[in-house]
Structure formats: C-alpha cells, structure tokens
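# Structural characterization, general
Here's the letter readout for the chains.
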Amino acid sequence: MTDHPILIKRYPNRRYYASHTSKYVSLKDIEEMVISGHTVEIRDSQSGEDMTQTVLIQIIMERHPDKISLFPSEMLHFVLRSNDLMSGLLGDYFRHSLDYLDYLRRHNPAAASLAPMQWIKAWLDNVSTSSKPDPQQSASPESAQLSQRVKQLEERIEQLEAGDD
C-alpha cells in the first residue's frame, strides 16, 4: 500500500485514465486496485471535480450488490432525512469509526480477521498488555473506576461471545 492515492481521470466519454500507468482502465481495474490495498482518487478531466465516491458507489452497486446490505434500510432512511448538521455529525461518526478500525488493523493485524465484537476485545487486550503501569504512581480514583469499567466491559464481551444475554 502506498501513502499517495493513485490519480485516475474520468473523461467525458466515461473512460478512466490512470496516470501512474499511462493507460486507460476499466471499473474492474479500479476495483482491483482498491481490493489490492491502493487508494484511488478519481477526478473529472475537465472540471477537476472529485468523483471518487460516485465511482466507488457505482462499483459497489454494479459489481457487489450483496455489500449494499452493509447499510441497513433504517440507516439509509435516516441519512435521507438528515439535515446538514446531522449529515455532518454522521460523516464525522463514520470517519472516526474507520479511523479506529484502521488503528486497530495497524496495531493488531490479527484483528482484521475477527468478528466486530472481537475487535473491541482485541483492542482492549492490546491496550492492557502494551501499557505497563508505573509502580511509583498511585492509582487515582478515576483510574480505578476506569479499570473496573474495562473489566466489566470485558466480561460483557465474553458473555456476548458465548451467546449469553
């Protein structure tokens, strides 16, 4: 994976040109770039408008319609009904969620294959093993409460994984 996105220009004839290879590419080629871990940036050749979201949505709709179920109908209703302020909050929420998942993936690569409830447990396990408390520091009431809450959450996760409610 590279840090820089692959620039792809979309021409009026609906053709896509990848500047890094100096070749025209198809939607399937763009999909393969993304699946292989690259980030793409798709721009209109005339206006410079960012079309990345539109093209990625098109790829999902045409080539992976089963993945549309990742977005529950209730959420789609909520998105359509939201005003500008709520849309901003939703966008921030999704971005932060993705940032967290990326953080988890980078700091605990084994977590990528885990179920969502196990992601949290893996992150908590990673945090608890990577942070060694300083014996010289006395535990504050806040940290004791936090430790107790983490322990409760870990127990609840174990119950959920075992199928207990």
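Residues numbered from 1 in each chain as written. Predicted model: local features only at pLDDT ≥ 70, side-chain atom pairs only at ≥ 80, totals over all residues. Heavy atoms only, no water.

This next bit is on the environment of Gly91. Here Gly91 lies in helix H4 (residues 84-107). Judged by its relative accessible area of 18%, Gly91 falls in the buried class. Taking C-alpha positions, Gly91 is 10.0 Å from Val79, a pair spaced twelve residues apart along the chain. (Helix = DSSP H or I, 4+ residues; strand = E, 2+ residues; numbered from the N terminus. Buried < 20%, exposed > 50% of the residue type's maximum accessible area, 1.4 Å probe, protein only.)

Inspection of the entire model under this criterion finds three aromatic pairs. Ring centres 6.4 Å apart and planes at 65° place the aromatic pair Tyr11 and Tyr24 in the edge-to-face group. Linking Tyr11 in the loop between strand S1 (6-10) and strand S2 (16-18) with Tyr24 in strand S3 (residues 23-25), this pair joins segments that are 13 residues apart in sequence. On the basis of relative accessibility, which here comes to 26%, the residue Tyr11 falls in the partly exposed class. Classification of Tyr24 as partly exposed rests on a relative accessible area of 43%. On the basis of an interplanar angle of 70° and a centroid distance of 5.3 Å, the ring pair of Tyr17 and Tyr24 is categorised as edge-to-face. Since its relative accessible area comes to 24%, Tyr17 is described here as partly exposed. These aromatic residues form a ring-pair network of at least three members: Tyr11, Tyr17 and Tyr24. Stacked on the ring of Tyr24, the Lys or Arg Arg15 has its end atom at 3.9 Å from the ring centre. (Phe/Tyr/Trp six-rings, centres within 6.5 Å; stacked < 30°, edge-to-face > 60°. Lys NZ or Arg CZ within 6 Å of the ring centre and 35° of its normal.)

As a further point, take the sheet that holds strand S4 (residues 40-44). Taking strand neighbours across the sheet as the criterion, the four strands line up as S3-S2-S1-S4 in an open arrangement whose pairing is mixed. A strand with exactly one partner marks an edge of an open sheet, and here the two such strands are S3 and S4. Within this sheet the neighbouring strands show an average axis-to-axis angle of 35°, counted without direction. Sheet topology note: the S1/S4 ladder contains five bridges and is parallel. By the bridge assignment, Ile6 is partnered in S4 with Val40. The strands touched by helix H2 (residues 52-63) are S2 and S4; relative to S4, the strand with the most contacts, the crossing angle is about 110°. (Pairing = 2+ DSSP bridges. Axes fitted to C-alpha atoms, helices over the stretch in contact; angles between N-to-C directions. Contact = heavy atoms within 4.5 Å.)

No statement about biological role is implied by the geometric values presented.
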